[in-house]
Amino acid sequence: MIYCKRCVYPINHPLNLIINNEGICSGCLVHEEKDNLNWHNREKQLLRLILPYKKSKRDIYNCVVPISGGKDSYFILDYIKNKLNLRPLVVTYNKHYNTLTGHRNLSNLKSKLGFSSLNLTVNPKKIKKITKVTLRKLGSIYWHCIAGQTVFPIQVACKFKIPLIIWGAHQGIDQVGMFSHTDEVEMTRKYRKEHDLMGFEAEDLLKISNLKESDLENFIYPSDESIEKVGVRGIYLNNYIRWDSLSQHSNMVQKYKYETLNQLRTFDCYNDVDCVHYSGLHDYIKFMKFGYSKIHDHCSREIRLKRMSREQALHLIKKYIYKKPKDINAFLSWLNITEEYFYKCINKFRDRNIWNFSNNKWILKDSVHLKNVYKLKHKSFETNLNVNTLDKKFKYLNKYELINRGWGEN
Ligand SMILES: [Zn+2]
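Given the structure is predicted, the values throughout are model-derived calculations rather than measurements. (Residues numbered from 1 in each chain as written. Predicted model: local features only at pLDDT ≥ 70, side-chain atom pairs only at ≥ 80, totals over all residues.)

Draft legend 1. Structural detail: the overall build of the chain. Broken down by element type, the chain carries 19 helices and seven strands. In terms of overall size, the chain behaves like a compact globule, its C-alpha atoms giving a radius of gyration of 21 Å where 410 residues would be expected to give roughly 22 Å. Along the longest, intermediate and shortest principal axes, the C-alpha atoms of the chain span 65 × 55 × 45 Å. Of all 410 residues assigned to the chain, the portion counted as buried reaches 42%. (Helix = DSSP H or I, 4+ residues; strand = E, 2+ residues; numbered from the N terminus. Rg over C-alpha atoms; globule rule 2.2 N^0.38 Å. Buried ≥ 20, exposed ≤ 12 C-beta atoms within 10 Å, placed from the backbone.)

Draft legend 2. Inspection of unusual backbone geometry at higher detail. The phi angle at Met-198 is positive, at roughly 55 degrees, despite the residue not being glycine. For Met-198, the location among the structural elements is in the loop between helix H9 (189–196) and helix H10 (202–207). We classify Met-198 as partly exposed; it has 16 C-beta atoms within 10 Å. At Asn-360, a residue that is not glycine, the phi angle is positive and equals roughly 65 degrees. Relative to the helices and strands, Asn-360 is located in the loop between strand E6 (355–358) and strand E7 (361–364).

Draft legend 3. Looking closely at the pairing of strand E4 (residues 164–167). Burial along E4 is two-sided: the residues Leu-164 and Ile-166 and Ile-165 and Trp-167 are all buried. In this sheet, strand E5 (residues 233–236) lies alongside E4 in parallel orientation, the contact comprising four bridges. The residue of E5 that forms the bridge with Leu-164 is Arg-233. (Pairing = 2+ DSSP bridges.)

Draft legend 4. Quick look at the pairing of E6. Judged from the four bridges that link them, E6 and E7 form a sheet pairing that is antiparallel. What sits directly across from Asn-356, in E7, is Ile-363. Count of turn residues in the E6/E7 antiparallel hairpin: two residues, of which Asn-359 carries a positive phi of about 50 degrees.

Draft legend 5. Here's a closer look at the nonpolar core. The biggest cluster of nonpolar side chains holds 89 residues, and the ones touching the most others in it are Val-8, Val-64, Val-65, Ile-165 and Ile-317. Looking at this core, the element that brings in the most residues is helix H7 (residues 143–159), giving nine residues. In this structure, Val-65 is in contact with Ile-76, Leu-77, Ile-80, Pro-88, Val-90 and Ile-166, ignoring residues within four places of it in sequence. (Core = buried A, V, L, I, M, F, W, Y, C linked by C-beta atoms within 7 Å. Contact = placed C-beta atoms within 7 Å.)

Draft legend 6. Spatial organisation of the environment of Thr-389. One can find Thr-389 in the segment after helix H19 (368–371). Remark: the alpha-carbon pair of Thr-389 and His-13, spanning 376 residues in sequence, is separated by 32 Å.

Draft legend 7. A look at the environment of Ile-166. On the secondary structure map, Ile-166 appears in strand E4. Between the C-alpha atom of Ile-166 and that of Arg-87, which follows or precedes it by 79 residues, the distance is 12 Å. Setting aside its immediate chain neighbours within four residues, Ile-166 contacts Cys-63, Val-65, Ile-80, Ile-235 and Leu-237.

Draft legend 8. A look at the environment of Lys-212. Mapped onto the fold, Lys-212 is located in the loop between H10 and helix H11 (213–216). Taking the C-alpha atoms as reference points, Lys-212 and Ile-130, separated by 82 residues in sequence, lie 9.9 Å from one another.

Following this line, the structure appears as structure tokens:
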């Protein structure tokens, strides 16, 4: 396996990483734009872009903003309200794997900043049925979450005839440098299918399973015709403002008391605090499939922002990468499956360039922290971070915080 010499990403990154002759990856090269572009001018560009939407005679909402309660939600809405002076309709897809901290964050955000919102909770029976299929066929417990949160805002935009959707960071730009910031790429159905959904839209699941169209109706992308009729477009803020997730979160902790939460498999206690599984079981699946996980994402980000040395990163990867997900029982009991069956589903998707199977055990044979000799010269990076959740007893929940649904029958 080849690894970037500057950050810690492997070349098998599922979003397609390119490593040049000097051994530097496309993500690191595009990141350099963060230090070279004139961000003052780029922000002006954004203000020009939104002007026609602000002038629109619509009297209630002039944009749709998808948020979750974790991951930059506070920063995005604070910016949209106080800097762009827009009137957003806030939309949230209920991922069903909620934490109490995330639920409080979401509720406080709407109250403190004053927004109306729509929440979609898909029929819990359908979610279980779909997740059983995606676990078996795609090795994913998260398909419905990603499919839901990337389609519900577009359905709302079409239905309520609000043509502008504003997203936070474009992952393909921020992680692997798929595009330059100056390309100003916008949301597309193609990117959603190929990268967010691993090549499987709702319609594709119908072809490989016994799911019916009625099971998947909430996840169907609106037709080109209905999108064009309203003129729906989705823009990404990180093309116009210098994106720095950690600093943004720190500011939101100060400004609005955004709640942070310890994560099992990464040092970053700011992101993804809304989900029981995102940094736990879902992240462990990523490790089992590709040999890398969230800790690589967060370390690569911090190296590029020059707050972390590569040695510190390798030390952190070694510390977090093997941690077993303590949230697995919540998932097994919710889906009514055994641990043995779960691992049988995921093991099919392991990258054999990374993993060896011998003596009934999977052994990690190739990883960036195994390839490099390193000594920790600096103090631990984690001392800079602040965990402030009100749930002092949070211990990787055994079950989900229920929002708009009950625990239910199997
Ligand atoms: Zn790199």
